[in-house]
Amino acid sequence: LAAQTMKQPLEMSSEVYDCIVIGAGIQGSCTAYQLAKNKQKTLLLEQFVLPHSRGSSHGQTRVIRKTYEEDFYVQMMHESYELWAQLEREAGVELYRRTGLLVMGPENGEGFSRLKATMQRHKIPTVFLEKQEFSQHIPNVNLADGNGALIDTFAGVLYADRALRAVQRLFQSCGGVIKDGEKVIDIRPGAEVTVTTDSGVYRGRSLVITAGPWANTLLRHTGLQLPLKVVKINVCYWKEEIPGTYSVGQSFPCFIEMEPKEGEYDIYGLPSNEYPGLMKVCYHMGSETEPDERDKQTDRGDIDILVRFVTRCLPGLVPVPAVVESCMYTVTPDHNFVLDSHPTYGNIIIGAGFSGHGFKFGPIIGKLLSQLAMGQVPSHDLSPFRIQRFQSHARSSL
Ligand SMILES: Cc1cc2nc3c(=O)[nH]c(=O)nc-3n(C[C@H](O)[C@H](O)[C@H](O)COP(=O)(O)OP(=O)(O)OC[C@H]3O[C@@H](n4cnc5c(N)ncnc54)[C@H](O)[C@@H]3O)c2cc1C
Ligand SMILES: O=C(O)[C@@H]1CCCCN1
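Residues numbered from 1 in each chain as written. Chains lettered and ligands numbered in written order. Predicted model: local features only at pLDDT ≥ 70, side-chain atom pairs only at ≥ 80, totals over all residues. Heavy atoms only, no water.

Student: Can you tell me about the site of ligand 2, naming the residues and giving the values?
Tutor: Looking at ligand 2, the residues that line it are Val63, Arg65, Ile256, Tyr268, His284, Gly356, His357 and Lys360. The contact in question runs from a nitrogen atom of ligand 2 to an N or O atom on the backbone of Gly356, over 3.1 Å. Protein contacts shield 93% of the accessible area of ligand 2, which totals 260 Å² for the unbound molecule. Partitioning the shell around ligand 2 into residue classes produces three nonpolar, three polar and two charged. Counting contributing residues, the shell around ligand 2 receives three or more from each of domain 1 (9-57 + 161-227 + 334-396) and domain 2 (101-153 + 229-331). (Near = heavy atom within 4 Å. Polar contact = N/O pair within 3.5 Å; in protein donor to acceptor, adjacent residues only side chain to side chain. Areas by Shrake-Rupley, 256 points an atom, 1.4 Å probe, with all protein chains shown as cover. Nonpolar A, V, L, I, M, F, W, Y, C, P; charged D, E, K, R; others polar. Domains from an automatic or database assignment.)

Here you go:
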């Protein structure tokens, strides 16, 4: 009996991978695919059995847009759109549906003005709507007094779950190995990084950590902690009084309401599509949570804000959420991503802190992290995403 219950030592695989990627969310899966495409022998490790709904990449839809205030995001999105189209061709599935994105925000506010200026500077196809023509273009939406409105005409919806599956399949078809249901429990840095899971030991010449809400849990093994806040998002679906009013079929766009009230975060919505008769409208922030105990977080303050917004602005919806699902954001202090090598170990690459807006960048982030892992010069300027910025932030606030 004693022999039966005795734990076997974990076996070290004789194989040395060019790269090991931890975390098979959208960022890790896209990175692994780029590496395999570049003939790198790549292992993708995932703690849960795939597919799962415990991280940040599950659910049927995400917004894709170029509507950003910052030039660097617009520049990355130019290429990301091309890479999504390439993925659609390679996988033979539709991943993007063009719907347009309506942005409403305080007309003379800083954020909305900056957004308008960036759109014009980059010549993004945009329609600027005057107050008096708004309801003719966008029926069943009340534009708040003092708000301006614009439409990014190439924005739309990404089919998220389908995209994740497609990328993982493409990775495997290039010879990549996925081991799911294997949780990484230790990382030993070195010229060859040793990664221990609950069922095996693996070695890689480089390591990419794309662990979403668990980034800091893993980084602890490397002596690094980032200022990341994990929040639970209540993903709310609202019933249409008349089914189809806000649907993709009726060409209703995605929308963002910037800063609905001073001190509040954005509210955004996607046309009804995945659940016929239900429209997704969410608050762009949530309450802090432990990633392993997400559903212990039961704060509904965000839902109260949404009920007020829906009542005021979307009169064709029943102002009580009909379905509430859960997801998590991993938020940095400036809401910009972390895309960098580890400050001490150059062959450990980190993709983290996607702050609730990273899905649309998946393919370009995959390309950039794979370039870092292969020791190449990244093809976009990564200075806004450096870990170093947090140190100067801390110092300047002293
Ligand atoms: C409600 C909601 C709405 C959003 N809307 C949009 C949108 O409209 N547009 C947009 O662009 N973005 C949007 N986002 C953001 C986007 O979905 C995320 O930025 C993106 O999914 C982050 O992906 P990730 O791969 O970093 O994280 P994750 O998907 O969480 O992947 C990390 C993976 O690492 C695994 N892992 C962690 N620890 C270990 C370990 N020890 N061993 C093995 N595996 C491990 C996890 O299980 C997980 O699968 C939204 C997010 C949410 C939650
Ligand atoms: O990334 C996006 O586009 C969505 C909508 C706006 C808020 C963040 N999430």
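Here the narrative resumes, following the displayed structure.
Student: So, the UniProt feature "domain: FAD dependent oxidoreductase" (unreviewed entry) in the chain: which residues are in play, and what are the values?
Tutor: Residues given the UniProt feature "domain: FAD dependent oxidoreductase" (unreviewed entry) here are residues 18-372. Regarding residues 18-372, the helix share stands at 27% and the strand share at 31%, and the terminal C-alpha atoms are separated by 13 Å. (UniProt positions renumbered as here; feature names shortened; annotations may be inferred. Helix = DSSP H or I, 4+ residues; strand = E, 2+ residues; numbered from the N terminus.)

Student: If you had to explain helix H2 (residues 26-37) to someone new, which residues and values would you point to?
Tutor: If you check H2, its first and last C-alpha atoms are 16 Å apart, about what 12 residues at 1.5 Å a residue would give, namely 16 Å. Of all 12 residues in H2, 11 are buried, a share of seventy percent or more. At its buried positions, H2 is contacted by strand E1 (12-22), strand E2 (42-45), helix H3 (71-91), helix H6 (160-173), strand E12 (201-209) and helix H9 (362-373). Of the residues trailing H2, Lys39 is marked for its positive phi of about 65°. (Expected span 1.5 Å × (residues − 1). Buried < 20%, exposed > 50% of the residue type's maximum accessible area, 1.4 Å probe, protein only. Contact = heavy atoms within 4.5 Å.)

Student: Can you lay out the pairing of E2 for me, pointing to particular residues and giving the numbers?
Tutor: By the alternation rule, side chains of E2 split into Thr42 and Leu44 and Leu43 and Leu45, which are all buried. Strand direction decides the pairing type here: E1 and E2, joined by four bridges, are parallel. Looking across to E2, one finds that Cys19 is bridged to Thr42. In the sheet, E2 pairs with strand E9 (residues 177-179) via three bridges, with the strands oriented parallel. The partner of Leu44 across the bridge, within E9, is Ile178. (Pairing = 2+ DSSP bridges.)

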